[in-house]
Amino acid sequence: MRIKLPTICIILEVILIILFGVFVRYDKETDAKKWHAHHDHNGSEIENDFYYRYPSFQDVHVMIFIGFGFLMTFLKRYGFGSVAFNFLIASFALQWATLMQGFFHGMGSDGKIHIGIESMINADFCTGAVLISFGGILGKTSPVQLLVMAVFEVTLFAINEYIILNIVEAKDAGGSMTIHTFGAYFGLVVSRILYRPHLEKSRHREGSVYHSDLFAMIGTIYLWMFWPSFNSAITAHGDSQHRTVMNTYYSLAACTLATFALSSLLSEEGKLDMVHIQNASLAGGVAVGTAGEMMLTPFGSMIVGSLAGIISTLGYKFLTPILDSKLKIQDTCGIHNLHGMPGILGAIVGAITASMATHDIYGDG
Amino acid sequence: MRIKLPTICIILEVILIILFGVFVRYDKETDAKKWHAHHDHNGSEIENDFYYRYPSFQDVHVMIFIGFGFLMTFLKRYGFGSVAFNFLIASFALQWATLMQGFFHGMGSDGKIHIGIESMINADFCTGAVLISFGGILGKTSPVQLLVMAVFEVTLFAINEYIILNIVEAKDAGGSMTIHTFGAYFGLVVSRILYRPHLEKSRHREGSVYHSDLFAMIGTIYLWMFWPSFNSAITAHGDSQHRTVMNTYYSLAACTLATFALSSLLSEEGKLDMVHIQNASLAGGVAVGTAGEMMLTPFGSMIVGSLAGIISTLGYKFLTPILDSKLKIQDTCGIHNLHGMPGILGAIVGAITASMATHDIYGDG
Amino acid sequence: MRIKLPTICIILEVILIILFGVFVRYDKETDAKKWHAHHDHNGSEIENDFYYRYPSFQDVHVMIFIGFGFLMTFLKRYGFGSVAFNFLIASFALQWATLMQGFFHGMGSDGKIHIGIESMINADFCTGAVLISFGGILGKTSPVQLLVMAVFEVTLFAINEYIILNIVEAKDAGGSMTIHTFGAYFGLVVSRILYRPHLEKSRHREGSVYHSDLFAMIGTIYLWMFWPSFNSAITAHGDSQHRTVMNTYYSLAACTLATFALSSLLSEEGKLDMVHIQNASLAGGVAVGTAGEMMLTPFGSMIVGSLAGIISTLGYKFLTPILDSKLKIQDTCGIHNLHGMPGILGAIVGAITASMATHDIYGDG
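The structure presented is a predicted model; accordingly, all values stated were derived computationally and were not measured.

Quick word on the overall build of chain A
When its secondary structure is counted, chain A shows 14 helices and two strands. Against the 2.2 N^0.38 benchmark of 21 Å for 365 residues, chain A shows a C-alpha radius of gyration of 21 Å, consistent with a compact globule. Principal axes of the C-alpha set define a box for chain A whose edges measure 65 × 60 × 35 Å. A total of 365 residues make up chain A; the buried ones form 67% of that total. In chain A, once contacts between residues fewer than 6 apart in sequence are set aside, the share between residues at least 24 apart is 80%. As presented, chain A carries roughly 11700 Å² of accessible surface, and 65% of it is formed by carbon and sulfur atoms. Side chains of chain A carry 22 positive and 28 negative charges; the gap between the two charge centres is 13 Å.

This is the structure:
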């Protein structure tokens, strides 16, 4: 590790700096000259995209670094490592994602990648997918392996995103498909490859893990609170951002009740399982990632959220042990339950909602 | 618990979904068709209420889920339960509040409740009152009892709010009266009903409670930092939001100095009492809940904040033991000191400040 | 302590209240009458400076109270004290800073200090400098000494700020010079004065410090995430705020990779040193404090960030022990490495970037 980790970090950062120097430029909202020459904003600085998106960006940023980082501290002997490695790979992935997303679907006619707040959000989104995959292999990899995984996953993410958004022309602002489903199944494949039959049952938590669970709850709660910002961060300005936030808010609230209900019901003594509370409560955010910006209605969002909570909790109870014993996939954080299945549910809900769209509902917008 | 908790969660969520389906609709800022047909915004999407209120909403959301949740982790054996039950009741209460506040004072002429960011903030506010009451009975109730309490409290909250805001026509944007005073006294009544003479002194903290206190400080600091957002979240756009934030900021800073002073003075060895620091420092936010949007001046705010810190710390030292021994009210978190008395102070300050309002001070606004 | 702390708190707060009463007034964005009479905003309330700066202000606020507070919890026996004393001095300093910054460079023609969101951000910035100095003497002072230090440091800060911004006419929106370099060297001087030869090596952390490190990581991550808001909080509206955020974002990401690389390289067994991760990763934010608002380019920011991470980590490894043994400066948190040297680097980068500014790059803005 003494040689490997410094070597890979330095090589990657040097490559990043060179490629940024060659390809990356300010866009018309971050470039001093272009912004001042640009008169769409009727003279008001508030029309800069910064004011539409920066609060959402910072919420997403908190989800990536605090949310994912602390959610993974539940493993008793791995708390500091989770947060620190999360910090390292995320810092790398967001730089690499800026380039990959630029190359595959953000190149200007001048052969340069022009960046601003929206590309920063997209870079954080792509980073999110890498961290989801990290959850599937937590406790089994070195930081060097994680960085190598990130190099490949970010590249594949950008290609997949290009296919879904530009070729299939699906809408997926909250990333049910592009982020959650992709991140989960990529992680499960890696987890299968890294299968170790004699791995000490890392989920088994004996002894004083009390504080680990409280740290993990910090992660859960931040993800839960800011999920409305995640789903709305890159939707259209105005009613779309507003509506997405509201749909996600009600979906998550309903999902939480469903999770508590199922968790208690499935337990032998009626005790709540902390793993369910920490994870399945979030499935409602994943499941409205695609349809959240549509006219799903609060009522529809609550149905989707409840379903997501039920599916996810059932997954933790019944599917995770099967994946481990039959398919040799040790899904440490249960990413299949939190991101995989709810992501697929989200894609289905999105397709149904989109198919029901009429001019009467959406107007001329 | 195995049967009861799942049953009540499922029944409540099904009722919520049905009532939302029947009564709840997007408002003109969240509905795609209405927003695009609506020309008040001069064509600029930034005039959507979302951009005026969403950052404040998220701060309030953090106060509700992280602030209240972690503030209550100070009880040594109850940390995870505090956060988890807080999460459950808040998720329920915000849905139920949307309906109750709609029924009692938000019904449109079409018999529907139209919702957007402002109703989401109001739902979170009502949830705040329920969590204040929870603080008064912490450690004495099951999640089922808490859900039942929330059903009744939210309903009563909406009625009380209707009386204060629509009949008495008082202004109370930060909820000194509607949220803090109501939540505190409701909680004290429930605490009296649940009185258990042989309750192990839950406040007594022996052993290694070091980390519990650091977790509780996370709650305190978040409540303290975001209180300006709480008080300003639903005030009028422009100078009102701005002024409320500033008044609350200075009130809290002054309150903190007063609390440290009193806490040290009242202790026998001059040691700071963590309970005071964690709670009384916040009283300054409660006490400017009503007057914060008025022309209270920073100087006035600092006087009010100092008074609130003094009253609250004195309450913890002298009143809480009396409530327990004489009135049989075991106020676990001291909600009477943090929300009850400062809320009444806030109402008085609001009445005085309002009575001093002149055209010369407020202009034509 | 029983007499001293209450006495100083009460005297200071009374002085603050009197001076606020005499000198401090609402500015044209927070005063009801002035705002409504003020027609620059074309009738739109969104043009109130509140909407341009409040989200950034709250991020800065989190950095001051959570970021600095929890970063200093790494000392095993001092966690609660760090957070609580941080809370106390910050609450005092922000009030005192409002006055000092007003007296030295914010007095209106009517002899009054007019305040709004920008002065609140500046007050928090000045508080940041005091907390940086606190980091240099952590574990060696009583709260009374800290308050006395804050009285002097805030005053000197305002004078130094006046000299740099108004006389030298340098630009320093993110405070590389005014905040970080000033705070660090002020703290080092105080640390030298308070030198205690027999001080138990407070950096030495034996036993179960696991949770202390996780709490400290909360501080680190919040500082890291919100540094873009810190650097951009008082830059010009529009492209300047937007560009500063982006430059800081990439500088920090590059800095983190450099820090992990160096930390692993310098360790004997290749193990990461938590102190480096917790601190040096942040140096990239300090180093673009001056140049961040300029056309530094993302590529330039990444070079600066990498350099800052390298310098800072080297400082922790080689310079801190020398400062202690040779110069008798016990820099508990390593503020010289995190704020001192990166602050000087930031000033140099700022000077170079400013000297390269041309009309062709910046346009007519």
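Structural notes on the interface of chain B and chain A
As a measure of interface size, the accessible area lost when the parts come together is often cited. Across the contact, 62 residues belong to chain B and 62 residues belong to chain A. Interface area for chain B against chain A, summed over the two sides, is near 5500 Å², with a carbon-plus-sulfur share of 75%. In terms of surface lost to chain A, no three residues of chain B exceed Tyr 26, Phe 80 and Phe 87 of chain B, which account for 15% of the buried area on that side. Applying the counting rule to chain B against chain A returns one salt bridge. At the junction of chain B and chain A, the tally comes to 19 residue pairs in polar contact (both at pLDDT 80 or more). Listed by contribution, the elements that provide at least two residues to the side of chain B that touches chain A are α1 (4-23), β1 (24-26), α2 (32-37), α3 (49-71), α4 (79-105), α5 (117-137) and α8 (210-232) of chain B.

Quick look at the pattern of salt bridges
Under the criterion given, the structure shown has 18 salt bridges over all chains. Lys 171 of chain C is the salt-bridge partner of Glu 293 of chain C, the closest N and O atoms lying 3.8 Å from each other. Placement of Glu 293 of chain C in the loop between α11 (283-287) and α12 (298-327) and of Lys 171 of chain C in the loop between α6 (143-167) and α7 (176-193) is noted, with a sequence separation of 122 residues between them. By relative accessible area, Lys 171 of chain C is classed as exposed at 53%. When salt bridges that share partners are traced, they join Asp 49, Arg 53 and Glu 118 of chain A into one network.

Digging into a nonpolar patch on the surface
All names here are of chain A. Together, Phe 104, Leu 156, Ile 159, Tyr 162, Ile 163, Ile 167 and Val 168 make up an exposed nonpolar region whose accessible area comes to about 590 Å². Per element, the largest residue contribution to the nonpolar patch is five residues, and it comes from helix α6 (residues 143-167). Mapped onto the secondary structure, Val 168 falls in the loop between α6 and α7 (176-193). With a relative accessible area of 56%, Val 168 lands in the exposed category.

Things to note about the packing of helix α12 (residues 298-327) of chain A against helix α13 (residues 335-355) of chain A
Residues and elements named next belong to chain A. The N-to-C vectors of α12 and α13 enclose an angle of 140°; their axes lie 8 Å apart at closest approach. Relative to α13, the element α12 is oriented oblique. Handedness of the crossing formed by α12 with α13: right-handed. Where α12 abuts α13, its residues Val 304, Leu 307, Ala 308, Ile 311, Ser 312, Gly 315, Tyr 316, Leu 319, Thr 320 and Leu 323 lie against His 336, Asn 337, Leu 338, Met 341, Leu 345 and Val 349. The class makeup of the residues in the contact of α12 with α13 is eleven nonpolar, five polar and no charged.

Quick notes on the state of the cysteines
Throughout the structure, instances matching the rule amount to zero disulfides over all chains. Cys 126 of chain A takes part in no disulfide bond, and the closest cysteine sulfur, belonging to Cys 9 of chain A, lies 18 Å away.

So, α6 of chain A
Residue and element names in this part refer to chain A. Taking 1.5 Å as the rise per residue, α6 with 25 residues should run 36 Å; its terminal C-alpha atoms sit 35 Å apart, in good agreement. Taken together, the buried positions of α6 are Pro 143, Val 144, Leu 146, Leu 147, Met 149, Ala 150, Glu 153, Val 154, Phe 157, Ala 158, Glu 161 and Ile 164. One or two positions beyond α6, positive phi appears at Glu 169, with a value near 60°.

A look at the interface of chain A and chain C
Taken together, the 62 residues of chain A in the interface contact 61 residues of chain C. Taken together, both faces of the contact between chain A and chain C bury some 5500 Å²; the carbon and sulfur share is 75%. Counting the surface chain A buries against chain C, the share from its top three residues, Tyr 26, Phe 80 and Phe 87 of chain A, is 15%. Summed over the shared surface of chain A and chain C, the result is one salt bridge. Put simply, Asp 360 of chain C and Lys 33 of chain A hold a salt bridge, and the shortest N to O gap is 3.2 Å. The tally of links between chain A and chain C comes to 19 residue pairs in polar contact (both at pLDDT 80 or more). Listed by contribution, the elements that provide at least two residues to the side of chain A that touches chain C are α1 (4-23), β1 (24-26), α2 (32-37), α3 (49-71), α4 (79-105), α5 (117-137) and α8 (210-232) of chain A.

Topic: the relation of the copies chain A and chain C
Of the transformation placing chain A onto chain C, the axial shift is 0.0 Å and the rotation is 120°, giving an RMSD of 0.0 Å. The relationship between the two copies is best expressed as a three-fold rotation axis. Taking the C-alpha atom as reference, chain A places Pro 55 of chain A closest to the rotation axis, 3.7 Å from it. Little of the interface of chain A is mirrored in chain C: 11% of its interface residues are interface residues there too.

With respect to the environment of Phe 104 of chain A
Residues and elements named next belong to chain A. In this fold, Phe 104 is placed in helix α4. Owing to a relative accessible area of 33%, Phe 104 belongs among the partly exposed residues under this scheme. For Phe 104 and Thr 155, which are 51 residues apart along the polypeptide, the C-alpha to C-alpha distance reads 9.0 Å. Not counting residues within four places of it along the chain, the set of residues in contact with Phe 104 comprises Thr 155, Ala 158, Ile 159 and Tyr 162.

Quick notes on the relation of the copies chain B and chain A
With an RMSD of 0.0 Å, the operation that places chain B on chain A is a rotation of 120° combined with a shift of 0.0 Å along the axis. Mapped onto chain A, only 11% of the interface residues of chain B are again interface residues, and the two copies thus contact each other with different surfaces.

Focus: the confidence of the model for chain A
All names here are of chain A. Predicted confidence across chain A gives a mean pLDDT of 91, with 93% of residues reaching 70 or more. Ranking the elements of chain A by mean pLDDT puts helix α14 (residues 359-362) last with 83 and helix α11 (residues 283-287) first with 97. In the model output, the complex is listed with pTM 0.95 alongside ipTM 0.94.

Digging into α1 of chain B
Since the α-helix advances by 3.6 residues per turn, residues separated by three or four positions end up pointing in the same direction. The terminal C-alpha atoms of α1 of chain B lie 28 Å apart, and with 20 residues this matches the ideal 28 Å at 1.5 Å per residue to within 8%. The complete set of buried residues in α1 of chain B reads Leu 5, Pro 6, Ile 8, Cys 9, Leu 12, Glu 13, Leu 16, Ile 17, Leu 19 and Phe 20 of chain B.

Quick word on the environment of Tyr 316 of chain A
Residues and elements named next belong to chain A. Note that Tyr 316 resides in helix α12. Sequence spacing of Tyr 316 and His 276 is 40 residues, and the spatial spacing of their C-alpha atoms is 7.1 Å. A distance of 3.4 Å separates polar atoms of two side chains, one belonging to Tyr 316 and the other to Asn 279.

A look at the side chain of His 242 of chain C
In this structure, His 242 of chain C sits in helix α9 (residues 239-266). Reaching out from His 242 of chain C, the side chain makes a polar contact with the backbone oxygen of Glu 29 of chain A at a distance of 3.4 Å.

What about the packing of aromatic side chains?
How two aromatic rings sit relative to each other is set out by the distance from centre to centre and by the angle between their planes. Summed over all chains, the structure comprises 63 aromatic pairs over all chains. Ring geometry for Phe 65 of chain A against Phe 87 of chain A: centres 6.2 Å apart, planes inclined by 85°, an arrangement best described as edge-to-face. Here Phe 87 of chain A lies in helix α4 and Phe 65 of chain A lies in helix α3, a separation of 22 residues in the sequence. Residue Phe 87 of chain A is classed as buried on the basis of its relative accessible area, which comes to 0%. Measuring from centroid to centroid gives 5.1 Å for Phe 50 of chain C and Tyr 51 of chain C, while their planes differ by 85°, and the two rings are edge-to-face. Like Tyr 51 of chain C, Phe 50 of chain C is buried.

Let's talk about the packing of α3 of chain B against α5 of chain B
All names here are of chain B. The N-to-C vectors of α3 and α5 enclose an angle of 20°; their axes lie 9 Å apart at closest approach. Put simply, α3 runs roughly parallel to α5. The crossing of α3 and α5 is left-handed. In contact with Asp 49, Phe 50, Arg 53, Tyr 54, Phe 57, Val 60, His 61, Ile 64 and Phe 68 of α3, α5 contributes Ile 117, Glu 118, Met 120, Ile 121, Asp 124, Phe 125, Thr 127, Gly 128, Leu 131 and Ile 132. Taken together, the residues of the contact of α3 with α5 break down into twelve nonpolar, three polar and four charged.

A look at the environment of Met 294 of chain B
Its place among the elements puts Met 294 of chain B in the loop between α11 (283-287) and α12 (298-327). Since its relative accessible area comes to 10%, Met 294 of chain B is described here as buried. As a C-alpha pair, Met 294 of chain B and Leu 272 of chain B span 22 residues in sequence and 34 Å in three-dimensional space. In contact with Met 294 of chain B, not counting residues within four places along its chain, are Arg 243, Asn 247, Gly 350, Thr 353, Ala 354 and Tyr 362 of chain B together with Tyr 26 of chain C.

Quick notes on unusual backbone geometry
The phi dihedral of Lys 328 of chain B falls on the positive side, at around 55°, and the residue is not glycine. Looking at the element boundaries, Lys 328 of chain B is found in the loop between α12 and α13 (335-355). Using a relative accessible area of 37% as the deciding quantity, one classes Lys 328 of chain B as partly exposed. Phi is positive for Glu 169 of chain C, which is not a glycine, with a value near 60°. Considering the arrangement of structural elements, one finds Glu 169 of chain C in the loop between α6 and α7.

The rules behind these values
- Residues numbered from 1 in each chain as written.
- Chains lettered and ligands numbered in written order.
- Predicted model: local features only at pLDDT ≥ 70, side-chain atom pairs only at ≥ 80, totals over all residues.
- Heavy atoms only, no water.
- Helix = DSSP H or I, 4+ residues; strand = E, 2+ residues; numbered from the N terminus.
- Rg over C-alpha atoms; globule rule 2.2 N^0.38 Å.
- Buried < 20%, exposed > 50% of the residue type's maximum accessible area, 1.4 Å probe, protein only.
- Contact = heavy atoms within 4.5 Å.
- Areas by Shrake-Rupley, 256 points an atom, 1.4 Å probe, with all protein chains shown as cover.
- Lys, Arg positive; Asp, Glu negative; His and termini not counted.
- Charge placed at Lys NZ, Arg CZ, Asp CG, Glu CD.
- Buried area = accessible area lost by both parts, 1.4 Å probe.
- Salt bridge = Lys/Arg side-chain N within 4 Å of Asp/Glu carboxyl O.
- Polar contact = N/O pair within 3.5 Å; in protein donor to acceptor, adjacent residues only side chain to side chain.
- Patch = residues over 30% accessible without salt bridge, like charges linked within 9 Å, V, L, I, M, F, W, Y side chains within 5 Å.
- Axes fitted to C-alpha atoms, helices over the stretch in contact; angles between N-to-C directions.
- Parallel < 35°, antiparallel > 145°, perpendicular 65-115°, else oblique.
- Left-handed = near helix turned anticlockwise from the far one by under 90°.
- Nonpolar A, V, L, I, M, F, W, Y, C, P; charged D, E, K, R; others polar.
- Disulfide = S-S within 2.5 Å.
- Expected span 1.5 Å × (residues − 1).
- Least-squares fit on C-alpha atoms with pLDDT ≥ 70 in both.
- pLDDT = per-residue confidence, 0-100.
- Phe/Tyr/Trp six-rings, centres within 6.5 Å; stacked < 30°, edge-to-face > 60°.

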